[in-house]
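# What the coordinates show
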Amino acid sequence: MINTVSIFHLVLSFTLFTFNIYNPYFGLFLGLISPLFLLFYFDLSSKLKIELIVALIIYGLMFKTFLVYYLLAVLIPVIFIIYLKDKSEFTAGLPSLLISSLVLLFFQDIREAFISNMSQNLLSYLEMIKSSATVDKLLYLDKIKNNIDKIATTFIYIMPGLSFAYITFITYLNKRFYQKIKKEPVKPLIVPFKIIPVFVIGGFLILANSYTAKIISYNTFIIFFMFFFLQGIEIIEYWLKKLKFPILLKYIVYFFVILEPPITLIVSFIGLFDIWIDFRKINKKGGENG
């Protein structure tokens, strides 16, 4: 028997994600919580039900490319949250990382199309800001324009890391919202020390002369930047709760943490150093947060 509430959550998940097509800026924020409603949909059954399969087929017929994005950024993170639980933040981005890497490595036409499109977008943006730029900035913009193809190529090659980081953030955000709404205990996110060697090796690759090694290093930094940022957020959450900050002030703090790059960077470094220094001073085996 079809549950209307369950269907409502399913439709809402697809609808929120589809806003990305019509209004990318507005849709970016709405798409972030699309997995949350799919989690509510799965509440009634942990199995892939027929209505979800039908919805995916219909969505694929209407928006072919966006079906792939929905699978990678919504359905897969939800499945990882349900089945892998505490490991979901560190693993949900792996399918996207693998698929995007394979596309860039083995599908030359697609790769070149991405690079060409990125070059055109960057050129359009440069032309737009030139009108209000000072003389000093114009010289800087000319240097960027002369290296536009190299910049576009590098940006496309770091897409695997960016997609992994984005999906990691989505997974973390929706998992936390879901647990709080369901009043489930929220375990603090702690980056496993056993994956730190990957970060160290990836970091040293930036010193290599090989362009490929540098690209691997850039992607590694992006992925671990997100891991450390989320661990830093956990530390802030812990201390705001300990100091009994009002809810409104807490959200103001989070607003500045996310939107101000210098603060974001500081939070990431806090998360990094927390690997060795427990800023929360809690029992990592039994502590809870949030």
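Residues numbered from 1 in each chain as written. Predicted model: local features only at pLDDT ≥ 70, side-chain atom pairs only at ≥ 80, totals over all residues. Heavy atoms only, no water.

## Remarks on helix α5 (residues 64-84)
Taking 1.5 Å of rise per residue, the 21 residues of α5 would be expected to cover 30 Å, and the 28 Å separating its terminal C-alpha atoms lies within 8% of that figure. In the structure, α5 departs most strongly from a straight axis at Leu71, where the bend amounts to approximately 40°. Looking at the packing, one finds that the buried side of α5 touches α1 (4-22), α3 (34-42), α4 (50-62), α6 (88-91), α7 (94-106) and α11 (159-181). Among the residues trailing α5, Lys85 stands out with phi positive, at a value near 50°. (Helix = DSSP H or I, 4+ residues; strand = E, 2+ residues; numbered from the N terminus. Expected span 1.5 Å × (residues − 1). Bend = angle between axes of the 7 residues up to and from the residue. Contact = heavy atoms within 4.5 Å.)

## Brief notes about the side chain of Thr171
Considering the arrangement of structural elements, one finds Thr171 in helix α11. According to the relative accessible area criterion, Thr171 is buried, its value standing at 0%. A polar atom in the side chain of Thr171 sits 2.7 Å from the backbone oxygen of Ile167. (Buried < 20%, exposed > 50% of the residue type's maximum accessible area, 1.4 Å probe, protein only. Polar contact = N/O pair within 3.5 Å; in protein donor to acceptor, adjacent residues only side chain to side chain.)

## Quick look at the layout of surface pockets
As a volume, the largest pocket reaches approximately 1600 Å³. In this structure, the largest pocket is lined by 31 residues; those nearest its centre are Tyr69, Phe114, Met159, Ser163 and Tyr166. Elements represented by at least two residues in the lining of the largest pocket include exactly α1, α2 (24-32), α5, α7, α8 (108-130), α10 (148-157) and α11. Looking at which element gives the most residues to the lining of the largest pocket, the answer is α5, with six residues. For the lining of the largest pocket, the per-class residue count stands at 23 nonpolar, eight polar and no charged. (1 Å grid on protein atoms, 1.4 Å probe; cavity = no way out; pocket = protein on both sides within 12 Å on 5 of 7 lines; lining within 4 Å. Points joined across faces, edges and corners; volume = space filled by probe spheres on them. Nonpolar A, V, L, I, M, F, W, Y, C, P; charged D, E, K, R; others polar.)

## Here we look at unusual backbone geometry
Leaving glycine aside, a negative phi is the common case for residues, and trans is the common case for peptide bonds. Although it is not a glycine, Lys183 sits at a positive phi angle of roughly 60°. Relative to the elements of secondary structure, Lys183 occurs in the loop between α11 and α12 (196-204). Of note, the phi angle at Lys244 is positive, near 60°, even though the residue is not glycine. Of note, Lys244 is situated in the loop between α13 (211-242) and α14 (247-259).

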